[in-house]
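An overview of the molecular structure
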Amino acid sequence: MSQSLQIGVLLVLVGGALLRIAAGDEYLRYVKESMKPWLLLSGGLLVVLGILALVDVLRSAVRLPVTVKLRIGVVEQERGAARIERLQRFEADDEGRLHEFARAIVAAGCDGLIVHARQAVLGGLSPHENRTVPPLRFDVVERLRAAFPSVPFAVNGGIRDVNAVVQALGWCDSVMIGREAYNRPWLLAELQQQLYPQDDWRRPSADEVLEHMIGYAAPLLASGHRLSAITRHMLGLLTHTPGAREFRRLLAEGSRAAGADISVLQSARALLRPAA
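Attention here is on the structure that accompanies the text.

Rules behind the numbers
Residues numbered from 1 in each chain as written. Predicted model: local features only at pLDDT ≥ 70, side-chain atom pairs only at ≥ 80, totals over all residues. Heavy atoms only, no water. Helix = DSSP H or I, 4+ residues; strand = E, 2+ residues; numbered from the N terminus. Buried < 20%, exposed > 50% of the residue type's maximum accessible area, 1.4 Å probe, protein only. Contact = heavy atoms within 4.5 Å. Pairing = 2+ DSSP bridges. Axes fitted to C-alpha atoms, helices over the stretch in contact; angles between N-to-C directions.

Examining the overall build of the protein chain
When helices and strands are tallied, the protein chain shows 13 helices and 4 strands. Each principal axis of the C-alpha atoms in the protein chain carries an extent, and together these give about 65 × 50 × 45 Å. Counting the 276 residues in the protein chain, one finds 37% classified as buried. Long-range pairs, those at least 24 residues apart, make up 64% of the contacts in the protein chain between residues at least 6 apart in sequence.

Structure follows, in structure tokens:
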């Protein structure tokens, strides 16, 4: 690991630790309460400097595009109604800091920005809550995109259907879909049909998908891989369709049983055929 890379990683780690400590009450063990704003400022500055250093190192080390994924802002730990009220606000100063951060990243050589349209709460929320509680602010991301018209942009956060993707593509270059594509993979087929209607492409049935997965899994099982490592990524195949619960149960329980083999997938296929 090069010295520049080590410095960048160290700055991010130390800055992140400062932010985490200052977001809660742990900092009171070491300094007075009046130091909290300075700890937050110092932590944020170290993280920014670390990210800029990492972008510069990566740009010089690889030929692939270097992108940065970020949120529109950070909210320090709040409680109850105060947290909800703060999350509802996104003021001119917040937007100014977001644009300054994006400008610094781009100046460091970043080839594209992936922006999650929520603020992040430091402390007080679980990772799942941080993905759902802060409100989506696509208007903020749209203004950020307009401020950097030559930089490739992707928007992320709470995009779960074709209409939302099409709407976002009206002002953004691309859309990042994460958990929804994993939990409901047919969304990708719906997008293919909506965005590329001219292609001669036919959506496969669930039965056909399982047939292909049986062919994929057989040699892996023969070489010693566990069936559960394969089926765990297939549990969302029938999300929002009849028989989904029984399908998930069969795959989840059957693949964990001792000696689980390809017959579990064959049983799942047989279960679905009446509805295929």
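Structural notes on the environment of Pro152
Its location among the elements puts Pro152 in the loop between α6 (138-147) and β3 (153-156). You can call Pro152 partly exposed: its relative accessible area is 44%. For the pair Pro152 and Leu113, spaced 39 residues apart in sequence, the C-alpha to C-alpha distance is 6.5 Å. Each residue touching Pro152, except ones within four places of it in the same chain, is listed here: Asp111, Gly112, Leu113 and Asp173.

Topic: the side chain of His99
Here His99 is to be found in helix α4 (residues 92-107). Other than its neighbours up to four places away in sequence, His99 contacts Arg143, Leu144, Ala147 and Phe148.

Here's the deal with the sheet that holds strand β2 (residues 112-122)
With respect to topology, 4 strands assemble into an open sheet ordered β1-β2-β3-β4, the strand pairing being parallel. Taken across any chain shown, the strands that pair with only one partner, and hence form the sheet edges, are β1 (67-76) and β4 (174-176). For this sheet the average axis-to-axis angle between neighbouring strands, irrespective of direction, equals 30°. Where β3 meets β4, 3 bridges bridge the pair, whose relative direction is parallel. Directly across from Val155, in β4, lies its bridge partner Val175. In this fold α4 packs onto β1 and β2, with an angle of close to 155° to the strand it touches most, β1. Each of β1, β2 and β3 is contacted by α6, which is oriented at about 175° to β3, the strand it contacts most.

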